[in-house]
Amino acid sequence: MRRHREGVADGGRISATEDGQKSVMMGGSRCSRIVLLLIASLLLAVVPLGGCFSRSRPVALRTSTAQLQTASGKDLIERINAAASEIQTLQATVGLTASVGGGKLGKITEFQEIRGCILARKPSSLWMIGLFPILQNQVFDLANNGHEFKLWIPSRNQFVAGNSDEARSSLQPLGNLRPQVIVDALLVEAVDPQNELAVLEGGEHEVIDPGERKLALQPDYTLNIIKQNGRSWYLSRKVVFDRTDLRPHQQLFYDEHGSIVTEVHYDEYSEFNGVFFPANIQIWRPQEEYSIKLVVTKLTINGPIMDDQFVLELPSGAGLASRRLGSKADAPPGVSQLNKQLPGGGQD
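Notes on the structure in this doc start here. Quantities reported herein were computed from a predicted structural model and do not represent experimental measurements.

A word on the pairing of strand S7 (residues 125–131)
Part 1 of the reasoning: Counting buried positions along S7 yields six of seven residues, so the element is predominantly enclosed.
Part 2 of the reasoning: Across seven bridges, strand S6 (residues 114–121) lies against S7 in antiparallel orientation. Each residue of the ladder has a partner; that of Ala120, found in S7, is Leu126.
Part 3 of the reasoning: Bridge count between S7 and strand S8 (residues 138–144): six bridges; the pairing is antiparallel. What sits directly across from Gly130, in S8, is Phe140.
Part 4 of the reasoning: With antiparallel pairing between neighbouring strands as the criterion, S7 and S8 make up a hairpin whose turn holds six residues, including Gln136 at a positive phi of roughly 60°.

As structure tokens, then:
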């Protein structure tokens, strides 16, 4: 004989079937509570013993302890424009070293230091001569008047001339050397409010911490300068400011396709004629894979420079290698041989 349990709920009866469903639900709730209690007990027992559920690791680089300055985007634009207007011409004696090669060539060739003399005038005039350290014989003589550049290599009795604005392609990295690259590196250009926008960005770079003498990260400022070209805009260059002195310590130049064409690093600012100027300038051209390092030993700023100082005439008896330096056929003579004339040139 079956027994039926009865109960009263809301004034009615609860059948055995309903009562059984309620019992199952109540049993499920008890099981869930028991499982949660077991898991919590295991966590309390295991975590203090082995620490399996967390892991600590040291920070790779600490933040530099150097004293930093703050500035707005407007402040940095004013600094660039003030420095640009402050220097119109310069005459410099430098130590010059160069290297060619990288991933594309599969090797890097470094050359010994030679002595160089530079005259530069805004916007694009340049005269530059390279001399062997001891004998003071000319390695090269380069002049650019803003429209045409000329190069004289005495040891090969070769003279090269070409359009300053013409795109060039050489089989040798130094065959692509453009005087405007040197001018842009030496004479920082002002921000043009009519055709350029400057956007401030915060970042950081690696330095040797002044206190701990260890590698550390130091915050910096970057002005992203966007230039208008017709109806479109493109990133023209970046100027990176060290926040310890708010001076430019790096410039990155871009083409209209967003690729870096020139990277310049500035270091060891020193006072010359009442103006602070970087004594160490390193220029890297990633697409052509060549670099030039200039160490300034003597500098005159805003001294008188005449037009005829940027004129380089064809020496008597010299062979004219090219009037145009824009094709691979022009590459073997002239500028492409410059790397072989430097001390140590041609050595792997």
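Considering the pattern of salt bridges
Part 1 of the reasoning: Evaluation of the coordinates by the stated rule reveals four salt bridges.
Part 2 of the reasoning: Here Arg247 makes a salt bridge to Asp245, at a shortest N to O gap of 3.8 Å.

Notes on the pairing of strand S17 (residues 290–301)
Part 1 of the reasoning: Where strand S4 (residues 89–102) meets S17, 11 bridges bridge the pair, whose relative direction is antiparallel. Following the sheet pairing, Leu96 is matched in S17 by Leu294.
Part 2 of the reasoning: The pairing of strand S16 (residues 275–285) with S17 spans six bridges and is antiparallel. Across the sheet, residue Trp284 finds its bridge partner in S17, namely Ser291.
Part 3 of the reasoning: Connecting the antiparallel pair S16 and S17 is a turn made up of four residues, with Glu289 showing a positive phi of about 60°.

Thresholds, definitions, all that
- Residues numbered from 1 in each chain as written.
- Predicted model: local features only at pLDDT ≥ 70, side-chain atom pairs only at ≥ 80, totals over all residues.
- Heavy atoms only, no water.
- Buried < 20%, exposed > 50% of the residue type's maximum accessible area, 1.4 Å probe, protein only.
- Helix = DSSP H or I, 4+ residues; strand = E, 2+ residues; numbered from the N terminus.
- Pairing = 2+ DSSP bridges.
- Salt bridge = Lys/Arg side-chain N within 4 Å of Asp/Glu carboxyl O.

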